[in-house]
Amino acid sequence: MSAEVTLLGVRHHGPGSARAVAAALERLRPDAVLVEGPPEAEPILGLAAAKDMVPPVALLAHAADDPARAAFWPYAEFSPEWVAIRHAVDRGVPLRFIDLPAGHSFAEGWDGGAEEDAALPRDPIARLAEAAGHDDPERWWEDVVEHRRPADGEDALAPFAAVAEAMAVLREDGGASLRDRQREAYMRGRIRAARRAGHHRIAVVCGAFHVPALERTPTVAEDRALLAGLPKKVRTEITWVPWTHRRLSQLSGYGAGIVSPGWYHHLHRTDGDPLPGWLTRAAGLLRAEDHPVSSAHVIEAVRLARALAGLRGRPLAGLTETLDAVRAVMCEGSDVALALVRDRLVIGDALGSVPEDAPAVPLQRDLARLQRTLRLKPAPEPRELGLDLRKETDAARSRLLHRLRLLGVDWGVPVRSQVASTGTFRESWRLCWQPEFAVRIAEAAQWGTTVERAAVGKAVGAARAAAELAELTGLVETCLVADLAEALPAVMRVLADLAALDTDVAHLARALPALVRALRYGDVRGTDHTALGEVAGGLADRIRVGLPPACTGLDAAGAAAMRVHLDEVHGAIGLLGDDGLADRWAGTLRSLARREPSGGPATGVPGLLRGRALRLLLDDGRLDPAEAGRRLGLVLSTAGSPADAAGWIEGFLSGGGTLLLHDPRLLGLLDAWLTGVPAAVFTDLLPLLRRTFATLEAGVRHTVGSRVAAGPLDSGDAGPAAEAAEVDLARSGAALPVVALLLGLPAGAAAGAAGAVVGSAPGADRPRIPRQAGGRDT
């Protein structure tokens, strides 16, 4: 260390390093502070002292012409660099960032010597810990640096001298990549510039790894030769963005991440013993999650943590001892409860904030305005948000979240509503703000200066680039839920053109359900969907005509995929509400059900699809149950292929197995066929049959098993009426007054219904009790 320049080598995020830097700066009282960071940030460093600047925050730099090329420099309250920044800004001392400009890193094709870097020795902290006889680098660093508090009268610069000496030994064999050497050459140039500017007491805060290189004094020519290989600097934009403790964690993939940002934050904020306060917070967290934790548990946990530290030879109880005490005393040995403490307190979800006057793209400012107006505050903790689209504010929130999803900002993700509802006026979202969204917002700024304009531009651009119908119909649905009326005509034109040229039934089938959902969204939002209805109807008719040929000769995998499309198209046509189309679709299903293979599997429709088509007709009331039984009997005859019959059964029963209970003849036919299958064939069919019956309701499986176990089943021509026991009309009529009372019907209705029941033959159609005002059909 020279008389003019003092090098303060630190670990990038650590409370001990931060305290040491604060003490050193107070002693040095430098007239210039140089910090490892991108020089492009110097014009906005003064914002660090703003009232609304609350760490954790990060500098976000990105290439002006390509926001996807971006980098972050995060700072927490316990980051030594942040302490140095605040020291300089608060005292009006000149502050300079001296790392290599970010614009060089954003140059296309430059990796900064990544291959060379991959071959370098491992983490220097781990090497120092190993030399000291410790197998845990984090625990060793805590003991030596983070938990260390300077003694009275101790030289504030002594820790930095020790760290510099250790790093010099580690770097005796080189151990630096080309990129690191270029960064260090640039830093030395910035230090020379500070000297030339007339500063006499210069404090340099940098990573400890760089200290030995900055102490060296190579010639200016040598440093310039190193920097000559840098690519041309790209024009860069930079700003402050909020950050989170979770994103400082190693678990997030952050290269300079730490294990315990929440714990470090507590150490930085606590002047005395950190254990009682932290364990009190842990107890409060566990109590909030219904764990029985009292103040006595806190006292015992403190004692246990200190005892463990003494047994393990540590100067103070560290995070390991603290968590061991929490597990043993507060969690009763449960790692599940301990995981909650690790997630909420050891890591934490603290979210910083930046001033409103920080540089930002217009799109970011518009988003911030909408967040304030709609009272949707970004938060890093996941939370559920239920919206009622009949309310103006909730509808506006829905539009914002859908528009952001279109722009690639998944702040909100739709989830299944906890409230049972078949309407389209209710939405449920899971909200969780991530710092990386700042980059995506910068990328989306190319489409417009407001959220609405950017979403419209992105939708039109995506439509023109789309290659498949399903992609376009999904985009149409997004335009409707996001209320992008300006983009919808352009997207519909592309959709209509592509639909006219696409002849693949599978493509058309994937596209139709999204269009029908879009029609329903249009209903609840009052959108004019005439064009949507025309396109949807046209797609449905083209599917109807092309489906039977497309299903012919499919293998097992193709049949399974087509069955999914068949179910989705059937549901979509039912929602369209077009009776003529529904009748035509029923004719297609009948045609599909009759296409049995006559000259081998390649000549007909697989049994899976034929059985499914027949079941859809039966569920819609377009097929008589007796006819369904006759078809089942034909399929299960000895003339049929057992494999084809098993597929038919799977398709027929996939809608639910209760019909086997209501029509014993179907169950008898199935039982007779199953017991007659040859043993060798049965072995091959068993996996398919197990899969089929596994999808049935548990109650249905149990009842079917009971009936089969009870004895032989009738597979004759008798229908369900013959199987029904004779009804005791007197006893059944006595229950009708109670039913009428439960339904809120007048007493006379029960008597009339009783007479109707008495006059009805078993199995015949019976009249309904008339619906009263506010009542229901029975």
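Use the structure listed above.
Residues numbered from 1 in each chain as written. Predicted model: local features only at pLDDT ≥ 70, side-chain atom pairs only at ≥ 80, totals over all residues. Heavy atoms only, no water.

Caption draft 1: Just the sheet that holds strand β9 (residues 412-415), in detail. Spatial strand order, β8-β10-β9: 3 strands in an open sheet with antiparallel pairing. Strand pairing shows two members of the sheet lacking a second neighbour, β8 (383-388) and β9, which therefore form its edges. Across this sheet, the average inter-strand angle for adjacent strands is 35 degrees, counted without regard to direction. Pairing of β9 with strand β10 (residues 426-431), which is carried by 4 bridges, proceeds in the antiparallel orientation. Paired with Val-415 across the bridge in β10 is Ser-428. Those strands touched by helix α17 (residues 392-406) are β8, β9 and β10, and its axis lies near 120 degrees from that of β8. (Pairing = 2+ DSSP bridges. Helix = DSSP H or I, 4+ residues; strand = E, 2+ residues; numbered from the N terminus. Axes fitted to C-alpha atoms, helices over the stretch in contact; angles between N-to-C directions. Contact = heavy atoms within 4.5 Å.)

Caption draft 2: Focus on the layout of surface pockets. Roughly 1,100 Å³ of volume is contained in the second largest pocket. Lining the second largest pocket we find 35 residues, and of these Pro-242, Val-354, Gln-364, Ala-368 and Gln-371 sit closest to its centre. Among the elements of the structure, β3 (57-63), β7 (236-242), α16 (362-373) and α18 (437-444) are those that each provide at least two residues to the lining of the second largest pocket. Class assignment of the residues belonging to the lining of the second largest pocket gives a composition of 22 nonpolar, 6 polar and 7 charged. (1 Å grid on protein atoms, 1.4 Å probe; cavity = no way out; pocket = protein on both sides within 12 Å on 5 of 7 lines; lining within 4 Å. Points joined across faces, edges and corners; volume = space filled by probe spheres on them. Nonpolar A, V, L, I, M, F, W, Y, C, P; charged D, E, K, R; others polar.)

Caption draft 3: Highlighting α17. Under the 1.5 Å per step criterion, the end-to-end length of α17 is 21 Å for 15 residues, consistent within 8% with the ideal 21 Å. With 11 of 15 residues buried, α17 is to be regarded as a mostly interior element. Taken residue by residue, α17 has Asp-394, Ala-395, Ala-396, Arg-397, Ser-398, Leu-400, Leu-401, His-402, Arg-403, Leu-404 and Leu-406 as its buried positions. One or two residues past the end of α17 sits Gly-408, with phi positive at roughly 85 degrees. (Expected span 1.5 Å × (residues − 1). Buried < 20%, exposed > 50% of the residue type's maximum accessible area, 1.4 Å probe, protein only.)

Caption draft 4: Broad picture of the packing of aromatic side chains. Evaluated as defined, the whole model comprises 8 aromatic pairs. For the ring pair Trp-433 and Phe-437, a centre distance of 5.1 Å and an interplane angle of 85 degrees mean the geometry is edge-to-face. Residue Trp-433 is classed as buried on the basis of its relative accessible area, which comes to 9%. Classification of Phe-437 by relative accessible area gives buried; the value is 4%. Judged by centre distance (4.9 Å) and plane angle (25 degrees), the rings of Trp-648 and Phe-652 are stacked. Linking Trp-648 with Phe-652, this pair stays in helix α28 (residues 642-653), spanning 4 residues, or about one helical turn. (Phe/Tyr/Trp six-rings, centres within 6.5 Å; stacked < 30°, edge-to-face > 60°.)

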